[in-house]
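Understanding the architecture of this molecule
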Amino acid sequence: MPWIKVIKEDEPEGELKEVYRKIREQRQGEKINQERDRGAGGPPISPPMLHSLNPKAMWHTAELMWEIMRGESRLTTAQREMIATVTSATLHCRF
């Protein structure tokens with residue numbers, strides 16, 4: 001399995017630190033994120049974090065995911081979360 005270096009939220013500097021701040025601010029009211037981040041082992045590595053070596057790509061990935069999961073849609077937020085949960089479970093993904 002390939003290994004991708006990830007700079008976690010408590011380690012960034014400069015532009016990446018600002019990207020983490022913007023993502024945190026955008027999602028601060030999301031109860032699901034707060035509960036997941038308090039879980040055993042701390043927050044899991046999220047898909048945007050896989051781009052942490054490229055802050056611009058990380059921000060655009062986070063924005064895309066936010067739009068898919070929380071933007072206007074005929075699917076409810078619960079339905080989108082259910083699809084994401086089943087997909088993650090099928091792929092044995094902690095996130």
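Each value, and the rule that gives it
Residues numbered from 1 in each chain as written. Predicted model: local features only at pLDDT ≥ 70, side-chain atom pairs only at ≥ 80, totals over all residues. Heavy atoms only, no water. Salt bridge = Lys/Arg side-chain N within 4 Å of Asp/Glu carboxyl O. Helix = DSSP H or I, 4+ residues; strand = E, 2+ residues; numbered from the N terminus. Buried < 20%, exposed > 50% of the residue type's maximum accessible area, 1.4 Å probe, protein only. Axes fitted to C-alpha atoms, helices over the stretch in contact; angles between N-to-C directions. Parallel < 35°, antiparallel > 145°, perpendicular 65-115°, else oblique. Left-handed = near helix turned anticlockwise from the far one by under 90°. Contact = heavy atoms within 4.5 Å. Nonpolar A, V, L, I, M, F, W, Y, C, P; charged D, E, K, R; others polar.

This paragraph deals with the pattern of salt bridges. A full pass over the atoms with the stated rule returns four salt bridges. Here Arg 21 and Glu 25 are joined by a salt bridge, their closest N and O atoms 2.9 Å apart. Of this pair, Arg 21 and Glu 25 both sit in helix H1 (residues 14–26), four residues apart, which is roughly one turn of the helix. Taking the relative accessible area as the measure of exposure, Glu 25 reaches 48% and is therefore partly exposed. Residue Glu 81 pairs with Arg 70 through a salt bridge whose shortest N-O separation is 2.7 Å. With Glu 81 in helix H4 (residues 77–90) and Arg 70 in helix H3 (residues 55–70), this residue pair connects regions lying eleven residues apart in the sequence.

Here we come to the environment of Glu 63. Relative to the elements of secondary structure, Glu 63 occurs in helix H3. Assessed through its relative accessible area of 32%, Glu 63 is described here as partly exposed. Along the backbone, Glu 63 and Ile 23 are 40 residues apart, and their C-alpha atoms lie at a distance of 8.5 Å.

The contact between H1 and H3 brings their axes to 9 Å, and the two run at 10°. Between H1 and H3, the interaxial angle falls into the category roughly parallel. Note that H1 runs across H3; the crossing there is right-handed. Contact with H1, carried on its side by Glu 15, Leu 16, Val 19, Tyr 20, Lys 22, Ile 23 and Gln 26, involves Pro 55, Lys 56, Met 58, Trp 59, Ala 62, Glu 63 and Trp 66 of H3 and no other residues of that element. In terms of residue class, the contact of H1 with H3 is built from nine nonpolar, one polar and four charged.

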